[in-house]
Amino acid sequence: MSATYQNYILYRTVDYIKQPEYFYLKGDTPTVPDAVVVGASGTVVATQSLSSLDGLTTPTGFAYALDADKKYPVGSIYTPTTTTTTTTTTTTTTT
């Protein structure tokens, strides 16, 4: 039996931030530059053809998602869908 391969993406789940370095002379009061987002949350960093996610270790700050339609090339922004499940139970008493 052969494995079925599907397209998966690896994307950032949090912003990747860089704090620019700065230099100043002794005795001066430095102006610290703002941190800069260099890799936004949702940025697709890789695509892979995988038969499953079993045995894969996802790096911290990343997640895999199935992209069967190949809609998300590297560099694009992926927004994961959120699924909400609501369960309603109705109890009827008959006398």
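Conventions used here
Residues numbered from 1 in each chain as written. Predicted model: local features only at pLDDT ≥ 70, side-chain atom pairs only at ≥ 80, totals over all residues. Heavy atoms only, no water. Pairing = 2+ DSSP bridges. Helix = DSSP H or I, 4+ residues; strand = E, 2+ residues; numbered from the N terminus. Axes fitted to C-alpha atoms, helices over the stretch in contact; angles between N-to-C directions. Buried < 20%, exposed > 50% of the residue type's maximum accessible area, 1.4 Å probe, protein only.

Participant: Before we go on, may I ask you to explain the sheet that holds strand β1 (residues 6-12) in this structure?
Facilitator: The pairing of strands in a sheet comes from backbone hydrogen bonds and takes either a parallel or an antiparallel form. Taken together, 3 strands build an open sheet; the order of strands is β4-β1-β5 and the sheet is antiparallel. In this open sheet, the two edge strands, each paired with only one partner strand, are β4 (44-50) and β5 (62-66). Strand-to-strand twist in this sheet, taken as the mean axis angle between neighbours without regard to direction, amounts to 25 degrees. Bridge count between β1 and β5: 5 bridges; the pairing is antiparallel. Paired with Arg-12 across the two strands is Phe-62, which belongs to β5.

Participant: I tried to follow the pairing of β1 on my own but got confused; where do I start?
Facilitator: Within a regular strand, the side chains alternate between the two sheet faces. The element β1 is extensively covered by neighbouring structure, given that 6 of its 7 residues are classed as buried. Pairing of β1 with β4 involves 6 bridges; the strand directions are antiparallel. Residue pairing in the sheet places Tyr-11 in a bridge with Val-44 of β4.

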